[in-house]
Amino acid sequence: MGLNYQFVLWNKHKKMYDKIIVLSMLLYLILFAVVTLVFNSETSIETLILRAFGSLAIVLLHIILVIGPLSRLNTNFLPILYNRRHLGVSMFITALIHGGFALIQFHALGNTNVFYSLFTSNLDYNSFTNFPFQVLGFFALLILFAMASTSHDFFLKNLSPTVWKRLHMLVYLAYALIIGHVFLGAFQQETSPFTIGFLSVGFIVVGSLHLISSFREAKIDKSIIDKDAQGWLKVCTIDEIDDDRAKIFTVQNERIAVFKYDGKLSAVHNVCKHQGGPLGEGKIIDGCITCPWHGYQYLPHNGQSPPPFTEKVATYELKLLENIIYINPKAFEEGTEVEPTQIQKT
Amino acid sequence: MKNEEFYVPYIEGSLGMRTKRTLKRFVFIALFLLILGALLFSYFQNTFKNSTFELTKSTEITGVYHESPYPMLRVQIDENTYKNIILLGFGKMGAHPFLKKIRKEAITLNGKTLKIEGNLIYYNGKTLLQITDDEKVIMINSSITKLPKSKAISQMSFQGEIIDPKCYFGVMKPGFGKIHRSCAVRCISGGVPPILATSDTNNISQYFLITDMNGKPINNDILPFIGKPSEITGIVEQLEDWYILKINMESFQLISEKSNIYD
Ligand code: HEM
Ligand code: FES
């Protein structure tokens, strides 16, 4: 998987996904233009472009932001997550058209350069309602640019997943900046309870979905684990794990996935090397742990991706005492062979 | 409620029924919200003015040049009726850089008759002309025509907003207020004359060219006040179809109400 960045195949689902994105965006822009031209025909074409693309970008951003928590709450949403980057890049391009157009329209052809003008034409940085809202949009656009341009797996490899993940967490900062941009900008002058209400509800939905899904995760993290005399941790009984599936336990701040398959047990570090997907929510397919996000695979007994791929995750030692599974909390090196624990047939 | 479905992108047929149903539902809801967004954002825009900018059409205008104190062209439109057309440069610039060339022919331009080709901007009885090419400014008559003097009226106070006339009278929509402030700041610092736009309770608008107490241009001092509802006191003078308001920057007051020009 690591050898070939094109692993994520251009399959037919992906094409359908892209078609839906492009058609929905076109539909939005056309609807916006038609309604404006019919009800407010004195518009200028520049304002039409600026507003259609700006508002489309923020609607797309809301859709992108609910996909994460929805798929943590219900794994049936995972196929959307799997292709979220296309939505992200489309959203960036939309925002770039809006922001680029605004920069040219409001700041170009003047007596200073465009960027100097962006920061200095309105100096009310200490005011709330007069705040230079365009600056907020500009910083948001920079973040979106950084994310869109590193969204390819190539960067994932070369930036290390942790750095990449941090970079992509900045989307929340971008969202906050954009909310500020709109509420301190357009909404100060184009004050309609309908558009303000629409974005406020959007904000509440995005916020509460994130809260709910992180509460659920916090519950997993709290699962209490008893120690035995040798320092092994008691995790659960065999029956609590389904065949070819896993349960996730948090041991010394690391999540570990314990898999049951072919009458055996194996444990690996829960975090997928691709984009940090939760391996413990995956499934054993063809004898391999298969990540629920994009399908990267690892052998349960050594945490290695089957050749020719080279990904490796840490492995753990298990033991079984009267149907109760114990785990040695000390992780082995990534890719270390561990003899699977046999479950006695009774 | 166990969910046995497990989609793997590269495994044909792994997209289960329940997953498919979830995805379809998601797409429909997202599409519905997208359409709702398009309708709300497009329908609930404030009404645009019918101001006009003839971007692609040029017009030739002949008149007497004067600076009162901003560059204008006085055009006769009827017997004893004159219209003063404000001259502007290309982009966010005043007219001066585009008059440098013609100034080589005559040290003072005041009172000379010029023919200028440019793009018209007009709204609510006021007209402006954008000069895009200094080659298209031609001296027609270098003898000096006598110009009328502005008449003092009285000291008065007005509520309104400082706008840049280029955008307000046609180039941009909306050409006022917070959304447009940065652009107006660029225009006025680039030499476009600042204008106070007011509007009374009957929605009749008045426009005042702003100068200092000596009748000289103010551009930089007024920048922090552009695009904000304000109350301004000054001496009103009339120059044919334009009012001029001579102000002391100290008399400038920001007010919290929205000015009527938003309606
Ligand atoms: C360089 C960056 C940006 C600049 C200079 C900028 C400038 C502006 C301006 C001047 C307006 C008011 C336009 C009007 O209502 O007539 C506006 C509105 C808006 N902007 Fe931005 N913007 C930037 C980036 C962004 C980004 C990244 C987003 C979101 C993804 C965004 C979303 C919006 C939205 C939703 C509105 C309100 C709807 C509208 O009027 O278009 N902007 N922006
Ligand atoms: S995160 Fe992409 S396959 Fe695991």
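Residues numbered from 1 in each chain as written. Chains lettered and ligands numbered in written order. Predicted model: local features only at pLDDT ≥ 70, side-chain atom pairs only at ≥ 80, totals over all residues.

Undergrad: Would you explain the overall build of chain A in this entry?
TA: On a plain count of helices and strands, chain A comes out with 11 helices and 12 strands. Principal-axis analysis of the C-alpha atoms places the extent of chain A at approximately 80 × 40 × 35 Å. Classification of the 346 residues of chain A by burial places 37% in the buried group. For chain A, the share of sequence-separated contacts (at least 6 apart) that also reach a separation of at least 24 residues comes to 55%. (Helix = DSSP H or I, 4+ residues; strand = E, 2+ residues; numbered from the N terminus. Buried ≥ 20, exposed ≤ 12 C-beta atoms within 10 Å, placed from the backbone. Contact = placed C-beta atoms within 7 Å.)

Undergrad: Honestly, the nonpolar core in this entry has me stumped. Any pointers?
TA: As a rule of thumb, nonpolar side chains are buried together in soluble globular proteins. Counting 129 residues, the largest nonpolar core has A:Val258, A:Ile327, B:Leu87, B:Leu196 and B:Ile210 as its most contacted members. At 14 residues, the largest contribution of residues to this core is made by helix α2 (residues 45-73) of chain A. Excluding its chain neighbours within four sequence positions, the residues that come into contact with B:Ile210 are B:Ile162, B:Pro194, B:Ile195, B:Leu196, B:Ile218, B:Ile222, B:Leu245 and B:Ile247. (Core = buried A, V, L, I, M, F, W, Y, C linked by C-beta atoms within 7 Å.)

Undergrad: How should I be thinking about the interface of chain A and chain B in this particular structure?
TA: A common way to state how big an interface is: give the accessible area lost once the parts meet. Across the contact, 55 residues belong to chain A and 49 residues belong to chain B. Those elements giving two or more residues to the side of chain A that touches chain B turn out to be α1 (12-39), α2, α3 (78-82), α4 (84-107), α10 (186-189), α11 (193-222) and β6 (283-285) of chain A. Here the side of chain A that touches chain B takes nine residues from α1(A), the largest share from any one element. Classifying every residue of the side of chain A that touches chain B gives 23 nonpolar, 28 polar and four charged. (Nonpolar A, V, L, I, M, F, W, Y, C, P; charged D, E, K, R; others polar.)

Undergrad: Teacher, can you tell me more about the site of ligand 1 here?
TA: As a structural note, the neighbourhood of ligand 1 is formed by 26 residues, with A:Gly54, A:Ala57, A:Gly99, A:Ala102 and A:Gly137 the closest of them. Those residues lying near ligand 1 are distributed over chains A and B. Elements supplying a minimum of two residues to the shell around ligand 1: α2, α4, α6 (133-149) and α9 (171-183) of chain A. Take the shell around ligand 1: its biggest share by element is eight residues, from α2(A). (Near = placed C-beta within 6 Å.)

Undergrad: Help me understand the sheet that holds strand β2 (residues 233-237) of chain A, please; the structure alone is not making it clear to me.
TA: By way of backbone hydrogen bonds, the strands of a sheet pair with one another, either parallel or antiparallel. All names here are of chain A. Spatial ordering of the open sheet is given by β1-β2-β11-β10, a layout of four strands whose pairing is antiparallel. Unpaired on one side and paired on the other, β1 (226-227) and β10 (318-321) mark the two borders of the sheet. Where β2 meets strand β11 (residues 324-327), four bridges bridge the pair, whose relative direction is antiparallel. When the bridges of β11 are listed, Lys-234 appears paired with Tyr-326. (Pairing = 2+ DSSP bridges.)

Undergrad: Please explain α1(A) as it appears in this structure.
TA: If you check α1(A), its first and last C-alpha atoms are 40 Å apart, about what 28 residues at 1.5 Å a residue would give, namely 40 Å. Close packing links the buried residues of α1(A) with α2 and α4 of chain A together with α1 (17-43) of chain B. (Expected span 1.5 Å × (residues − 1).)

Undergrad: How should the environment of A:Thr195 be read in this particular structure?
TA: Among the secondary structure elements, A:Thr195 is positioned in helix α11. As for A:Thr195 and A:Leu60, which are separated by 135 residues in sequence, their C-alpha atoms are 15 Å apart.

Undergrad: For this particular structure, what's the right way to read the domain arrangement of chain A?
TA: All names here are of chain A. What the domain assignment lists for chain A is domain 1 (5-220) and domain 2 (227-342). For domain 1 versus domain 2, the separation of C-alpha centres amounts to 38 Å. Listed per partner, the contact involves nine residues of domain 1 and nine residues of domain 2. Contributions of two or more residues to the side of domain 1 that touches domain 2 are made by α3 and α8 (161-169). A per-element tally of the side of domain 1 that touches domain 2 places α3 first, with three residues. Per-class residue counts for the side of domain 1 that touches domain 2 are seven nonpolar, one polar and one charged. (Domains from an automatic or database assignment.)

Undergrad: When you look at the packing of α2(A) against α4(A) in this model, what are you seeing that I'm missing?
TA: Working note: a packed helix pair is described by the angle between its axes plus the distance between those axes. All names here are of chain A. Running from amino to carboxyl end, α2 crosses α4 at an angle of 150°, the nearest separation of the two axes being 8 Å. Taken as axis vectors, α2 and α4 run roughly antiparallel relative to one another. By crossing handedness, the relation of α2 to α4 is classed as left-handed. Of the residues in α4, those touching α2 at Glu-46, Ile-49, Leu-50, Phe-53, Gly-54, Leu-56, Ala-57, Leu-60, Leu-61, Ile-63, Ile-64 and Ile-67 are Arg-84, Leu-87, Gly-88, Ser-90, Met-91, Thr-94, Ala-95, Ile-97, His-98, Phe-101, Ala-102 and Gln-105. For the contact of α2 with α4, the class distribution of residues is 16 nonpolar, six polar and two charged. (Axes fitted to C-alpha atoms, helices over the stretch in contact; angles between N-to-C directions. Parallel < 35°, antiparallel > 145°, perpendicular 65-115°, else oblique. Left-handed = near helix turned anticlockwise from the far one by under 90°.)

Undergrad: Help me understand the domain arrangement of chain B, please; the structure alone is not making it clear to me.
TA: All names here are of chain B. Once the domains are mapped, chain B shows domain 1 (52-141) and domain 2 (151-262). On a C-alpha basis, the centroid separation for the pair domain 1 and domain 2 is 21 Å. Elements with a contribution of two residues or more to the side of domain 1 that touches domain 2: β1 (52-53), β4 (81-88), β5 (113-123) and β6 (126-130). The biggest single contributor to the side of domain 1 that touches domain 2 is β4, with five residues. Considering only residue class, the side of domain 1 that touches domain 2 consists of 11 nonpolar, seven polar and three charged.

Undergrad: For this particular structure, what's the right way to read the pairing of strand β4 (residues 254-261) of chain A?
TA: Note on strand geometry: in a regular strand, side chains alternate between the two faces of the sheet. All names here are of chain A. Where strand β3 (residues 245-251) meets β4, seven bridges bridge the pair, whose relative direction is antiparallel. Each bridged residue has a counterpart across the sheet, and for Lys-247 the counterpart in β4 is Val-258. Linkage of β3 to β4, two consecutive antiparallel strands, is achieved through a turn of two residues, within which Gln-252 is found at a positive phi near 45°. Alignment of β4 against strand β5 (residues 264-269), held across six bridges, turns out to be antiparallel. Bridge assignment links Val-258 to a residue of β5, and that residue is Ala-267.

Undergrad: Help me understand the environment of A:Ser121 in this model?
TA: By the element assignment, A:Ser121 lies in the loop between α5 (114-120) and α6. Distance from A:Ser121 to A:Val258, taken between C-alpha atoms, is 59 Å for residues 137 residues apart in sequence. For A:Ser121, the contacting residues outside a window of four places in its chain are A:His107, B:Ser182, B:Val185 and B:Arg186.

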